[in-house]
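If you want the building blocks of each chain, they are given just below.
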Amino acid sequence: MTRAPRLLGLMNGTSVDGIDAVLIELPGWPAVGDGGQPPVLRGAAPRATVLEHRYTPFADDLRAALLAASRDEAKTSEITQLQFWLGEALAEAAAELSADADLIASHGQTVHHIPAPDAARGWHTRSTLQIGEASVIVERTGKPVVSDFRAPDLVAGGQGAPLVPFADRLMYAEAGVRRAVHNLGGISNLTYLPGLDEGGVIAFDTGPANALIDEAAELFGQRFDDSGRMGAAGHVAPSLLETWHTDPYLSAPPPKSTGRERWNLQNLPGVFELNARDIAATVTAFSVQTVVDAYQRFIVPHGLDEIVVAGGGAYNPTFMAQLRAALAPLPVLTFEERGWNSSAREAAAFAVLGYYAYQGWPNTLPHTTGARHAVIAGKLSRPART
């Protein structure tokens, strides 16, 4: 009997904190390389089994270099070196789990994402850049690697994001359940799953989640707001919340995507007039507010039974308490409360996207990205000996 496909997903997101390596198995799905047709969705969620999950934090110097690149503070020569430096880090993170994998999928680090032209910012061409050289991973592991997922959708007229909703539907959609799967990473994004209806899926980036909070934590010499203590200790500045909430991105209808190039402290008028504790409290409240507003504007009118939250923000009690209070009585659960693995969600999603790409199956939902048609997102790099 053919073994179920085993796939290794590598994910380092907009929080720029480290690499999640997740080995998943797809019971009952065609073997890697068999082609054929994609499976029909049946049964309960999730449909992928997480076999192992390893987290590798970035070394301080690598994290600083990645943040500098994302903030337009790096030279071309520095980004060129960073491409291979990160590739080595990804290969090292994959090393222990790669022996059991048929295929590796690596998202890479987004250092800039321009989903639409903006002449005021000098953005004349829609473009995106994820770094982390895939050929390094191939060489170190001896396994095929799918990478560079976003460019094909962008070329087809989409925003190159969000891509995870395609995998969310495969893993978490259930007949008769109107569920939102929400990720609180550096950027906040949601996938609305109205049962098994592919055409009814709504997905977009709502705005900031941890990106602003992490920057506030840096004022205290910390990488993130551990247990939400900083966000709970300060006072919120309501006038700044009102000002920041006028950003046109927040009211724009989906499809839409965003990133750190927009959501950073330097772009928030008046933020540095506050002390550090009040900055942490105010950007936490603002980030929660943008999530709540997105649901009220674009999702709740369609009918919603529950929200299931993944990502680092799911471990921030201050963020979660404010979110639950604002959306009550709607159930807001963490992945762990559902019996799922929050930390594995995005890496597992890209493992599924990589599997579809290798099989030659389209792996995007064009109505969620704005593309003209579905594409096979991802570039395949193979070892010479396979």
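Above this text sits the structure in question.
Residues numbered from 1 in each chain as written. Predicted model: local features only at pLDDT ≥ 70, side-chain atom pairs only at ≥ 80, totals over all residues. Heavy atoms only, no water.

### Concerning the pattern of salt bridges
What counts is decided by this rule: Salt-bridge detection follows one rule: a side-chain nitrogen of Lys or Arg within 4 Å of a carboxyl oxygen of Asp or Glu.
Inspection of every chain in the model, using the stated rule, returns 19 salt bridges. Within this structure, Glu-174, Arg-179, Glu-306 and Arg-338 form a network of salt bridges that share partners.

### Details of the nonpolar core
As a reminder, the rule being used: We define the nonpolar core as a collection of buried residues of types Ala, Val, Leu, Ile, Met, Phe, Trp, Tyr and Cys that are connected through side-chain atoms lying within 4.5 Å of one another. A simple rule labels every residue: compare its accessible area, found with a 1.4 Å probe on the protein chains alone, to the largest value its type can have, and call it buried under 20%, exposed over 50%, or partly exposed in between. Here a strand is any run of E in DSSP of at least two residues, a helix any run of H or I of at least four, and the numbering for each starts at the N terminus. Contacts are assigned to residue pairs that have any heavy atoms within 4.5 Å of one another.
In terms of nonpolar packing, the biggest core is built from 45 residues, with Val-283, Tyr-295, Ile-299, Leu-304, Ile-307 and Leu-323 touching the most fellow members. With 12 residues, the top contributor of residues to this core is helix H10 (residues 276-299). Non-local contacts of Leu-304, meaning those with residues more than four positions away in its chain, are made with Arg-178, Arg-179, Ala-180, Tyr-192, Tyr-295, Ile-299 and Leu-330.

### Some thoughts on the environment of Arg-150
The topology assignment puts Arg-150 in the loop between strand S7 (145-147) and helix H4 (151-155). By relative accessible area, which is 12% here, Arg-150 ends up buried. With 40 residues separating them in the primary sequence, Arg-150 and Thr-110 have C-alpha atoms 9.9 Å apart. Setting aside residues no more than four positions away along its own chain, Arg-150 makes contact with His-107, Thr-110, Thr-128, Gln-130, Gly-160, Ala-161, Leu-163 and Phe-350.

### Quick notes on the packing of aromatic side chains
We count it as follows: Aromatic rings from Phe, Tyr and Trp, taking only the six-membered ring of Trp, are treated as a pair when their centres fall within 6.5 Å; an angle between ring planes under 30 degrees marks them as stacked, one over 60 as edge-to-face, and anything in between as tilted.
As enumerated under the stated definition, the model contains 14 aromatic pairs in all. Taking the centre distance of 5.7 Å and the plane angle of 90 degrees together, the rings of Tyr-355 and Trp-361 count as edge-to-face. Each member of the pair Tyr-355 and Trp-361 is classed as buried. Among the aromatic residues, those joined into a cluster by ring pairs are Trp-29, Phe-166, Tyr-355, Tyr-356 and Trp-361.

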